[in-house]
Amino acid sequence: MLIFGRRPREEREGLVHVIHDLIEDKSLRAKEESRVQTIAQSLFEDGMKAGEQRGEVRAKREVTLKTLHTRFDDVPDELTRKIGRMRSLKRLDAIFTQVLEAQSLVKSGGCAASNA
């Protein structure tokens, strides 16, 4: 896993040869190599998914805040901070829809978006 996941490509071949020399049973060698590649690929894919989700959340926060500040002149700092800390894509989608549909930030009895 360390060879495929954390070493530069140019170092991998030499390290794999060293490991192959240490593993005498060829069937075991093929099995281990396959397993290591599968683990490395799985870790890579998990990292990509997590990165994509973080990027999607960040983009949704940015577009929500930009829309909020474009539609309304005086946006409370607390509301901006709350949206900036949100991590739930589902919740950000709901807030974005509210921002698009809101006529104002003030709701009878308080701020319309204070439930963010």
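Please refer to the structure placed before this passage.
Residues numbered from 1 in each chain as written. Predicted model: local features only at pLDDT ≥ 70, side-chain atom pairs only at ≥ 80, totals over all residues. Heavy atoms only, no water.

Caption draft 1: Representation of the overall build of the protein in the model. Each helix and strand in the protein was counted, giving five helices and two strands. When its helices and strands are written in sequence order, the protein yields α-α-α-α-α-β-β. Counting the 116 residues in the protein, one finds 22% classified as buried. Taken as a whole, the protein presents about 8,800 Å² of accessible surface, with 52% of it coming from carbon and sulfur. (Helix = DSSP H or I, 4+ residues; strand = E, 2+ residues; numbered from the N terminus. Buried < 20%, exposed > 50% of the residue type's maximum accessible area, 1.4 Å probe, protein only. Areas by Shrake-Rupley, 256 points an atom, 1.4 Å probe, with all protein chains shown as cover.)

Caption draft 2: Broad picture of the pattern of salt bridges. Tallying each qualifying case throughout the model produces two salt bridges. Of the charged contacts in the structure, one is a salt bridge between Lys 60 and Asp 93, with a shortest N-O distance of 2.9 Å. On the criterion of sequence distance, the pair formed by Lys 60 in helix H3 (residues 26-71) and Asp 93 in helix H5 (residues 89-101) is long-range, its members being 33 residues apart. (Salt bridge = Lys/Arg side-chain N within 4 Å of Asp/Glu carboxyl O.)

Caption draft 3: Structural view of H5. In this model, H5 (13 residues) spans 18 Å end to end at C-alpha, consistent with the 18 Å of a helix rising 1.5 Å per residue. Considered for burial, the residues of H5 that qualify are Leu 89, Leu 92, Ile 95, Phe 96 and Val 99. One side of H5 holds all its buried residues, which, seen down the axis, span an arc of 120 degrees. Opposite the packed face of H5, turned more than 90 degrees from it, sit the exposed residues Lys 90 and Glu 101. (Expected span 1.5 Å × (residues − 1). Arc of directions from axis to C-beta.)

Caption draft 4: Representation of the environment of Leu 100. Considering the arrangement of structural elements, one finds Leu 100 in helix H5. Of the residues examined, Leu 100 reaches a relative accessible area of 47% and is grouped as partly exposed. Beyond its immediate stretch of four places on either side in the chain, Leu 100 contacts Thr 67 and Arg 71. (Contact = heavy atoms within 4.5 Å.)

Caption draft 5: Summary view of the side chain of Arg 61. Topologically, Arg 61 is positioned in helix H3. Comment: no salt bridge for buried Arg 61; closest opposite-charge side chain is Glu 62, at 6.9 Å. Among all residues touching Arg 61, those that are not within four sequence positions of it are Ile 83, Gly 84, Arg 85, Met 86, Arg 87 and Leu 92. (Lys, Arg positive; Asp, Glu negative; His and termini not counted.)

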